Amino acid sequence: MAHLVSLLWPDYYRARFFTEWQFMDCRPGCGACCIAPSISSSIPGMPHGKRAGERCIQLGADFLCLLFGDPRRPVVCSAFSADPVCCGETREDAIRLLGWLEQATA
Ligand code: SF4
Ligand code: SF4
């Protein structure tokens with residue numbers, strides 16, 4: 001029995017770790033991913049996309065995308081989802097992490 005528990009508990013913790021790690025709800029009022037990274041595809045009002053650190057013109061005052069559910073929303077935006085690796089724990093974390101990723105992949 002002890003052998004069985006020692007085998008199962010690591011799996012339980014591993015599964016729990018990866019479940020919590022992979023799924024994260026987008027943080028209300030953040031909007032860092034609409035500011036920090038560059039976007040090369042066309043955005044309504046920004047036909048040439050946007051530069052890193054530039055606020056997207058479609059980011060509302062409440063830090064929500066004005067194009068949510070609109071087919072004109074860039075595919076790259078729809079494909080991006082919150083992830084602790086990029087979003088961190090605060091908006092400032094996300095700006096820093098996304099800025100670092102932008103430089104690392106430039
Ligand atoms: S950086 Fe992450 S938490 Fe912030 S708005 Fe974008 S997806 Fe949401
Ligand atoms: S189009 Fe919307 S989701 Fe994409 S960067 Fe602009 S505000 Fe953010």
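Residues numbered from 1 in each chain as written. Chains lettered and ligands numbered in written order. Predicted model: local features only at pLDDT ≥ 70, side-chain atom pairs only at ≥ 80, totals over all residues.

1. With respect to the confidence of the model for the chain
Reading predicted coordinates in detail is not appropriate for stretches of low pLDDT.
Then step 1. Model confidence for the chain is summarised by a mean pLDDT of 85, while 79% of its residues fall at 70 or above.
Then step 2. Mean pLDDT across the secondary structure elements of the chain bottoms out at helix 1 (residues 2–22), with 48, and peaks at helix 2 (residues 75–79), with 96.
Then step 3. Residue range residues 1–9 is modelled with pLDDT below 50. Its contacts to residues more than four positions away, or to other chains, number 0 contacts.
Then step 4. Low confidence marks residues 12–17, where pLDDT is under 50. Its contacts with residues over four positions away, or in another chain, come to 0 contacts. (pLDDT = per-residue confidence, 0-100. Helix = DSSP H or I, 4+ residues; strand = E, 2+ residues; numbered from the N terminus. Contact = placed C-beta atoms within 7 Å.)

2. Some words on the site of ligand 2
Then step 1. Surrounding ligand 2, one finds Cys34, Ile39, Ile43, Cys56, Gln58, Leu59, Cys65, Leu67, Arg73, Pro74 and Cys77.
Then step 2. The residue makeup of the shell around ligand 2, split by class, is 9 nonpolar, 1 polar and 1 charged. (Near = placed C-beta within 6 Å. Nonpolar A, V, L, I, M, F, W, Y, C, P; charged D, E, K, R; others polar.)

3. Let's talk about the environment of leucine 67
Then step 1. Locating leucine 67 in the fold gives a position in the loop between helix 1 and helix 2.
Then step 2. Taking the C-alpha atoms as reference points, leucine 67 and isoleucine 43, separated by 24 residues in sequence, lie 9.6 Å from one another.
Then step 3. Sequence-distant contacts of leucine 67, defined by excluding residues within four places in its chain, comprise Pro44, Gln58, Arg72 and Arg73.

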